[in-house]
Amino acid sequence: MRLIRFLSEKASRSAGLIVDERVSKIRETVDFIRARCRQQPALGLILGSGLSACADLLTDRVIISFRDLPNFPQAKVAGHPGQLIIGNVEGIPSIALQGRVHFYEGFSISEAVFPIRVLGCLGIRQLIVTNAAGGVNTTFSSGDLMLISDHINFTGTNPLIGANIDEFGPRFPDMSEAYDSGMRKIALEAARLKNIPLREGVYIAFSGPNYETPAEIRMCRALGADAVGMSTVPEVIVARHMGIQVLGISCITNIAAGILPQRLSHSEVLDTAEQAQGKLRTLLQSIIGSLGVK
Ligand code: HPA
């Protein structure tokens, strides 16, 4: 596993190093967080729409609102409290983001992944991403949990476009195993032990913000997707670029467009996610307890 050499912003400037503007901003945010919490997190947790309450898994917490974090993009979508929580889960130093920003909110794609790069520079080695997603696979039901086995980037963009940040990772990162097979095995075993049904499938990301048309959903199915959403993929790309191992879990909050004779709404998405987050919390706790990150 690749460890990112990370100097503080002050140290690298005084060493006379030329600093990429993007890295400089990340360092400023990292320095701000480190000044408030000495603990180095090993595990990152991204809690998607309606899934924020899973943050109560963290004990000994330090909470920082996104509003107070320098350079941090501010979430604007209902269902996202917008705070960073540092603490421990099952004895593992962890950091959770309650809420994320999306490309469709008008942020540049590199702003949207800024928080992940901050987590990477804080030292996380493993990342668990969660999201609310529409079920494309017709055997899925609303409220199901799906382990992401792979993804399709259908957002039309990529967070690694632009000059490569060599200290983070290579120009052409490998994505053969975007979602770590060892972590997935642990997740499946944790689900079995806790008796929590866990589907498995491919997540496809659109930029949003509109939900898909029935024709787009038929296309998703033809492409091999099982769930559809508007997040996660850019985050996973930058996490993998930094050599962070990733696990992804989707909460199927609705059946995707055109399958049932009903319309989609954000309130249905939030309600279902809130109902499912108890079992997601139990599953996360069991997974994290078995991860063995230090
Ligand atoms: N489509 C896209 N994003 C989503 C959906 C959906 O059906 N449900 C939750 N997020």
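Refer to the structure printed above.
Let me sum up the structure you'll find in this document. (Residues numbered from 1 in each chain as written. Predicted model: local features only at pLDDT ≥ 70, side-chain atom pairs only at ≥ 80, totals over all residues. Heavy atoms only, no water.)

1. With respect to the pattern of salt bridges
Here's step 1: In total, this model carries 6 salt bridges according to the counting rule given.
Here's step 2: The partner of Asp-20 in a salt bridge is Arg-22, and the shortest N-O contact between them spans 2.8 Å.
Here's step 3: Ionic pairing is found between Arg-27 and Glu-167, a salt bridge with its closest N-O pair at 3.2 Å. Placement of the pair is Arg-27 in helix α2 (residues 21-36) and Glu-167 in the loop between β6 (145-153) and α5 (181-194), with a sequence separation of 140 residues.
Here's step 4: Since its relative accessible area comes to 6%, Arg-27 is described here as buried. (Salt bridge = Lys/Arg side-chain N within 4 Å of Asp/Glu carboxyl O. Helix = DSSP H or I, 4+ residues; strand = E, 2+ residues; numbered from the N terminus. Buried < 20%, exposed > 50% of the residue type's maximum accessible area, 1.4 Å probe, protein only.)

2. Brief notes about the site of the ligand
Here's step 1: Taken together, the neighbourhood of the ligand is formed by Ala-132, Ala-133, Gly-134, Tyr-211, Glu-212, Val-228, Gly-229, Met-230, Thr-253, Asn-254, Leu-264 and Val-269.
Here's step 2: Contacts to the ligand include Gly-134, whose backbone N or O atom sits 3.3 Å from a nitrogen atom.
Here's step 3: Calculation on the ligand without its partners gives an accessible area of 260 Å², and the protein chains cover 96% of this total.
Here's step 4: Every element with two or more residues in the shell around the ligand is listed here: β5 (126-135), β8 (227-229) and β9 (245-255). (Near = heavy atom within 4 Å. Polar contact = N/O pair within 3.5 Å; in protein donor to acceptor, adjacent residues only side chain to side chain. Areas by Shrake-Rupley, 256 points an atom, 1.4 Å probe, with all protein chains shown as cover.)

3. Things to note about the nonpolar core
Here's step 1: The biggest cluster of nonpolar side chains holds 45 residues, and the ones touching the most others in it are Phe-72, Leu-84, Val-118, Leu-119, Leu-127 and Tyr-203.
Here's step 2: Ranked by residue count, the leading element in this core is helix α4 (residues 114-122), at 6 residues.
Here's step 3: If we ignore the near neighbours within four places in the chain, the residues touching Phe-72 are Thr-29, Phe-66, Leu-84, Leu-97, Phe-114, Pro-115 and Val-118.
Here's step 4: By size, the runner-up hydrophobic cluster in this structure holds 33 residues, among which are Leu-47, Leu-51, Ile-92 and Leu-145. (Core = buried A, V, L, I, M, F, W, Y, C linked by side-chain atoms within 4.5 Å. Contact = heavy atoms within 4.5 Å.)

4. What to know about unusual backbone geometry
Here's step 1: At the junction of Gly-208 and Pro-209, the peptide bond is cis and its omega measures out at 5 degrees in the coordinates.
Here's step 2: Assignment of secondary structure puts Pro-209 in the loop between β7 (198-205) and α6 (214-223).
Here's step 3: Positive phi values are uncommon outside glycine, yet Asp-60 reaches one of about 50 degrees.
Here's step 4: One can find Asp-60 in strand β2 (residues 59-65).
Here's step 5: Using a relative accessible area of 60% as the deciding quantity, one classes Asp-60 as exposed.
Here's step 6: Positive phi values are uncommon outside glycine, yet Thr-232 reaches one of about 70 degrees.
Here's step 7: Relative to the elements of secondary structure, Thr-232 occurs in the loop between β8 and α7 (233-241).
Here's step 8: On the basis of relative accessible area, Thr-232 is assigned to the buried category, the value being 0%.

5. Overview of the packing of α5 against helix α8 (residues 266-291)
Here's step 1: Look at α5 against α8: their axes get within 9 Å of each other, and the N-to-C directions meet at 125 degrees. Relative to α8, the element α5 lies oblique. Along this stretch, α5 crosses α8, giving a crossing that reads as right-handed. Judged by residue contacts, Met-183, Ile-186, Ala-187, Ala-190, Ala-191 and Lys-194 of α5 engage Thr-282, Leu-283, Ser-286, Ile-287, Ser-290 and Leu-291 from α8.
Here's step 2: Classifying every residue of the contact of α5 with α8 by side-chain character gives 8 nonpolar, 3 polar and 1 charged. (Axes fitted to C-alpha atoms, helices over the stretch in contact; angles between N-to-C directions. Parallel < 35°, antiparallel > 145°, perpendicular 65-115°, else oblique. Left-handed = near helix turned anticlockwise from the far one by under 90°. Nonpolar A, V, L, I, M, F, W, Y, C, P; charged D, E, K, R; others polar.)

That's the geometry; what it means functionally is another story.
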